[in-house]
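The chain contents come next:
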Amino acid sequence: MPPIVSTPSLLLHSHFLLFSTKPNPNSQPKAPFIPSPSTTHPELKQLLYHKFKLGFDKLDDALLLFSTKPNPDSQPKAPFIPSPSTTYPELKQLLYRKSKVGFNKLDDALLVFDQMLGLKSRLSVVDFTQLLTALVRMEEYSVAISMFRELRVLSIPVNIVTFNTAIHSCCHLNPLDYAFSLLAGIIKSGWVPDVFTYTTLIKGLLSQDRPLEAGDLFNKLITYQEIQPSVVTYNTIFDGLCKTSNTSMALKFLRKMEKLGCRPDIITYNSIIDSLCKERRVDHALDLVSEMTHKGILPDVITYNRLLQGLCSSSRWEDIGPLLSEMGVRKISPDLHTYNILVDAHCKEGRTIDAEDVIAIMIQKGVPPDVITYSALMDGFCLRGNTDRALEVLNTMMSNGIAPNCYSYTILIDGLCKNRKLDEARNIFDKLASRGLQPNVKTYTTMIQGFCQEGLFEEAKILLSEMETSGCLPNDVTYNTIIRASLLNKRYEEAVVLIENMRARVPPDVVTYNTLMDGFCLRGNTDRALEVLNTMRSNGIVPNCYSYTILIDGLCKNRKLDEARNIFDKFASRGLQPDVITHNTMIRGLCQEGLLEEAKLLLSEMETSDCLPNDVTYNTIIRASLLNKRYEEAVVLIENMRARKFSEDASTTSMVLDLLSKEEQDPSVLAFCKWFLQ
DNA sequence: GTAGGGTTAG
């Protein structure tokens, strides 16, 4: 039997230190003298201490102690639970540990707080801050804030770190008022807000969809030189920009950051690379990889995973092999995320056999599949209509000791519903609670969709109300599903009630307004679309790049180029950067009005900016030059495009073929088409 | 003792 600890002397030593400070007489061990298989680890430790002080009765007892394995069942998860007898050094050690991982239960944290109040004269700011940090780790933000308030009420000293931790908690709760009043509190208490304070506040503003204010705060910091932003501050902003698909602005901001003397790091580049990949600009992302490599910032496994994801979602399968070999050359091993991306990509393409191969490889390489791997595979089988295999995967995963989560079951429920196995789906849904899982919005919505699809409108409505009473708020997708079903069932009055409910509970967001504007534009009613823009603004929703692009498109299609151009020119003054789609929309509008020169001007502006043209940009202008019989210019444009590794699309190619069949008498057309098709 | 990055579902 192996010893409990490999270095008993070390254990004895540390234990001696721990207890020698000031042992609590009440916590003296009443431990059994003879260890048994049921002896718990703390008991064993206590015994060891006791015997170390007093000596063993028999040498055999000492030897037995080193060969006793603690009983796993009687071993508490937390090495010890605080009790009134916990000593001061024990408390300090507990706080340090829990500030890293959080407490197992909220009650434990509250118990410790009570104990700390009793010992407050002997505890430092750091101890109380560690307790707050532990609560943050447990995502118990409102408890952390109440506790912070209590510290203030009881005049227990706090410092800037305590304030920053409290602000961090506030930023997870709506609204941010209390976070900013704490900022004022810092100054009032004579502390100086630091880079942690401001970075946390910026993150808070961004996570609550207030990018303009985040930008304002950052600019103020720079202008008034309040603090020197760190690379973390910049990365927080990059994350915000990239998650809202303001990639062009992120690229500009990267240059600004360097100009302001802050060196980007791997996280900076990974954020932008991810954002470019999500926009399917993988080549541009690869350019950034070479840029960072030149600067001595080497890509890591996360960089490669994002590139891989980008290649998969652009269906660039042929580029995946070379990328994986490049990883090998750089000695970067694929990790769980890498394999999961590959499994998911294969599954989405219907290649479940390849996905299973990937799983075999990962097991062989010592990276065991997790809940995400198996869920993706289940989705793959469901997509192919093979729900039996999906259920088999569920069993495999459970027998491998991996507990399915809400994602896994939602995938299965969806698969079963789509394959007309409603009863099986409902069966699984009903069993969720007994498996300790609370269905979330997507789970409920999936089941509601299943009912609606089978015409079980009443069942769907019952589930909707169950959902509401369980505290899981339906969202726009949920409501729209059931509203469509009520319309299909000609239950117009119920539809009205549902729509009113939806409007009351799901406040319209930027996406809702954009959809509405798009609808009006499609019907040619750009005036109504502009009205929606104003309503949106007066409701405090900030229009995004997409909102204006919809308008530009609508105005162009309705021959209101001047108004469109006006909106395009105002982007910068609104703190927005038009993206490649906005540019393409504007260029299409210009071309449609025959303003080829102006379109080309915009293209050349793009070529020297951070918002590089893509295949759509080139193809749009190329088609316009062909329509204007400017064949030589078209040749130059096509060569430019090909040099950037883009190629002519189906629509351009068919235009050339069309031209050839209609105008083959024209020598310049013939020459162009010959050149194009060779 | 405090701030920043990646994979699965409607």
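Residues numbered from 1 in each chain as written. Chains lettered and ligands numbered in written order. Predicted model: local features only at pLDDT ≥ 70, side-chain atom pairs only at ≥ 80, totals over all residues.

From N to C terminus, chain A includes 37 helices and zero strands. A separation of at least 24 residues holds for 63% of the contacts in chain A among residues at least 6 apart in sequence. (Helix = DSSP H or I, 4+ residues; strand = E, 2+ residues; numbered from the N terminus. Contact = placed C-beta atoms within 7 Å.)

With that out of the way, let us pick up the protein's contact with DNA strand B. In the vicinity of DNA strand B lie 64 residues, with Asn-164, His-337, Asn-340, Ser-375 and Thr-410 positioned nearest. Of the residues belonging to the surface near DNA strand B, the class tally is 21 nonpolar, 33 polar and ten charged. (Near = placed C-beta within 6 Å. Nonpolar A, V, L, I, M, F, W, Y, C, P; charged D, E, K, R; others polar.)

With that settled, consider the packing of helix α21 (residues 387-399) against helix α22 (residues 406-418). At a minimum axis separation of 10 Å, α21 and α22 run at an interaxial angle of 160°. Regarding the angle of α21 to α22, the classification is roughly antiparallel. Read as a crossing pair, α21 and α22 show a hand that is left-handed. Of the residues in α22, those touching α21 at Thr-387, Ala-390 and Leu-394 are Leu-412, Gly-415 and Leu-416. (Axes fitted to C-alpha atoms, helices over the stretch in contact; angles between N-to-C directions. Parallel < 35°, antiparallel > 145°, perpendicular 65-115°, else oblique. Left-handed = near helix turned anticlockwise from the far one by under 90°.)

Here we take up helix α18 (residues 336-348). With 13 residues, α18 extends 18 Å between its outermost C-alpha atoms, agreeing within 8% with the 18 Å of an ideal straight helix rising 1.5 Å per residue. Most of α18 is tucked away: ten of the 13 residues are buried. The set of residues buried in α18 consists of Thr-338, Tyr-339, Asn-340, Ile-341, Leu-342, Val-343, Asp-344, Ala-345, His-346 and Cys-347. On the buried face of α18, the contacting elements are α16 (301-313), α19 (352-364) and α20 (371-383). (Expected span 1.5 Å × (residues − 1). Buried ≥ 20, exposed ≤ 12 C-beta atoms within 10 Å, placed from the backbone.)

Let us now look at the packing of helix α8 (residues 160-170) against helix α10 (residues 195-207). Where α8 meets α10, the closest approach of the two axes is 9 Å, and the angle between their N-to-C directions is 0°. Accordingly, the angle class assigned to the pair α8 and α10 is roughly parallel. On the side of α8, the interface is formed by Asn-164, Ile-167 and His-168, while α10 contributes Phe-196, Thr-197, Thr-200 and Leu-201. Its residues assigned to classes, the contact of α8 with α10 shows three nonpolar, four polar and no charged.

The backbone of Lys-331 shows a phi angle near 60°, a positive value even though the residue is not glycine. Within the secondary structure, Lys-331 is located in the loop between α17 (320-329) and α18. Unlike most non-glycine residues, Arg-420 shows phi in positive territory, near 55°. Assessed through the 14 C-beta atoms surrounding it within 10 Å, Arg-420 is described here as partly exposed.

With 13 residues, α22 extends 18 Å from end C-alpha to end C-alpha; this agrees with the ideal 18 Å at 1.5 Å per step. By the criterion of burial, α22 is predominantly enclosed, with ten of the 13 residues buried. Among all positions in α22, only Ser-408, Tyr-409, Thr-410, Ile-411, Leu-412, Ile-413, Asp-414, Gly-415, Leu-416 and Cys-417 are buried. Where α22 is buried, its residues contact α20, α21, α23 (422-431) and α24 (441-453).

What follows deals with the environment of Val-532. With respect to the secondary-structure elements, Val-532 resides in helix α29 (residues 526-538). Sequence separation between Val-532 and Asn-514 is 18 residues; the distance between their C-alpha atoms is 8.6 Å.

Next up on the list: the nonpolar core. Membership of the largest hydrophobic core comes to 104 residues, with the highest contact counts inside it found for Ile-272, Leu-377 and Met-378. Sequence-distant contacts of Met-378, defined by excluding residues within four places in its chain, comprise Ala-390, Val-393, Leu-394, Ser-408, Ile-411 and Leu-412. Judged by nonpolar contacts, the second largest core, of 41 residues, contains Met-536, Ile-541, Leu-626 and Met-641. (Core = buried A, V, L, I, M, F, W, Y, C linked by C-beta atoms within 7 Å.)

This part is about the confidence of the model for chain A. When pLDDT is averaged along chain A, the result is 84; 86% of the residues meet or exceed 70. Across residues 1-80 the pLDDT falls below 50, and counting only partners more than four positions away or on other chains, this stretch makes 68 contacts in the model. (pLDDT = per-residue confidence, 0-100.)

In this fold, His-172 is placed in the loop between α8 and α9 (177-188). Residue His-172 is classed as partly exposed on the basis of its 17 C-beta neighbours within 10 Å. Residues His-172 and Ser-207 lie 35 residues apart in sequence; the distance between their C-alpha atoms is 8.3 Å.

This part covers the environment of Cys-591. Tracing the backbone through its elements, the reader meets Cys-591 in helix α32 (residues 580-592). A residue is classified by how many C-beta atoms lie within 10 Å of it, and Cys-591, with 22 of them, is buried. Through-space distance from the C-alpha of Cys-591 to that of Ile-622 is 9.9 Å; in sequence the pair is 31 residues apart.

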